[in-house]
Amino acid sequence: MQLTQEKPDLSAYLAADEVVDHHHPLVREVAAGLAQTSADTYAYARAAFEYVRDAIPHSQDVGRHEVPWRASDVLRERTGICTAKSHALAALLRAEDIPTGFCYQRLRDDNTSGYSLHGLVAVRLDGAWHRQDPRGNIPDGVDAQFRIGEERLAWPVDTECNEVDYPVLYAEPSPVAVRALREARDRLHLWQTYPSEL
């Protein structure tokens, strides 16, 4: 799939804001720890991905009901849904000056018999964008891996079922997804209000 930058200036993909708060002391602390054991930019990006994928479980997988949405909160609470985890990964990558964009898929949602927006990131390495899915692996077939050149996402899109891969690389997280996260009382409430598309 051909990915398209929403904004031409790469500096937009390094920015901090209220959601991707990579200036926060906790984000900086985690980033520094990962950087200390990483030999280069690629190794750091992979370490950050694996940290968010593995050390911060998806809320549904572990029965957690908190709904963090800000990157530093996801790191502090050590949980979040896919979109929140993408905020945390973007913050860790941007903290080390690695351009990172937000990507989305529209996937079937077995919990609602409809569709749900799925959040991932794209990291810019070796002069190109590479999508990564920090959602978290589970035994029933979700095996996302950090890959450059060959994607290994949690779920491939099934176009015959009207699933969608959005090709735009956004510099900021989806406003509709962030609003749903911020307004949710808990994860069960979130599933009732979470968007099905951008």
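Residues numbered from 1 in each chain as written. Predicted model: local features only at pLDDT ≥ 70, side-chain atom pairs only at ≥ 80, totals over all residues. Heavy atoms only, no water.

Draft legend 1. Just the environment of Tyr-104, in detail. Along the polypeptide, Tyr-104 turns up in strand β2 (residues 100-109). Between the C-alpha atoms of Tyr-104 and Pro-173, which are 69 residues apart in sequence, the distance is 9.6 Å. Apart from the residues within four sequence positions on either side, Tyr-104 is in contact with Thr-83, Leu-117, His-118, Gly-119, Val-164, Asp-165, Tyr-166, Tyr-170, Pro-173, Ser-174 and Leu-198. Only 2.7 Å separates the side chain of Tyr-104 from the backbone nitrogen of Ser-174, close enough to count as a polar contact. (Helix = DSSP H or I, 4+ residues; strand = E, 2+ residues; numbered from the N terminus. Contact = heavy atoms within 4.5 Å. Polar contact = N/O pair within 3.5 Å; in protein donor to acceptor, adjacent residues only side chain to side chain.)

Draft legend 2. Structural context of helix α1 (residues 25-36). A rise of 1.5 Å per residue sets the reference length of α1, with its 12 residues, at 16 Å; its end C-alpha atoms lie 16 Å apart and thus fit the reference within 8%. Buried within α1 are the following residues: Val-27, Val-30, Ala-31 and Leu-34. Buried residues in α1, looked at end-on, bunch into an arc of 100°, giving them a common side. Exposed residues on α1 whose side chains face more than 90 degrees from its buried face are Pro-25, Glu-29 and Gln-36. (Expected span 1.5 Å × (residues − 1). Buried < 20%, exposed > 50% of the residue type's maximum accessible area, 1.4 Å probe, protein only. Arc of directions from axis to C-beta.)

Draft legend 3. Spotlight on the packing of α1 against helix α2 (residues 41-55). At their nearest, the axes of α1 and α2 sit 9 Å apart, and the two run at 125° to each other. Taken together, the axes of α1 and α2 lie oblique to each other. Here the hand of the crossing between α1 and α2 comes out right-handed. Residues Val-30, Ala-31, Leu-34 and Ala-35 of α1 form the contact with α2, whose participating residues are Tyr-44, Ala-47, Ala-48 and Tyr-51. (Axes fitted to C-alpha atoms, helices over the stretch in contact; angles between N-to-C directions. Parallel < 35°, antiparallel > 145°, perpendicular 65-115°, else oblique. Left-handed = near helix turned anticlockwise from the far one by under 90°.)

Draft legend 4. Summary view of the pairing of strand β3 (residues 114-125). With nine of 12 residues buried, β3 is to be regarded as a mostly interior element. Strand direction decides the pairing type here: β2 and β3, joined by 10 bridges, are antiparallel. Paired with Arg-106 across the two strands is Leu-117, which belongs to β3. Judged from the five bridges that link them, β3 and strand β4 (residues 128-132) form a sheet pairing that is antiparallel. When the sheet's bridge partners are listed, Leu-125 is paired in β4 with Ala-128. Here β3 hands over to β4 after two residues, with Asp-126 in that stretch at a positive phi of 55°. (Pairing = 2+ DSSP bridges.)

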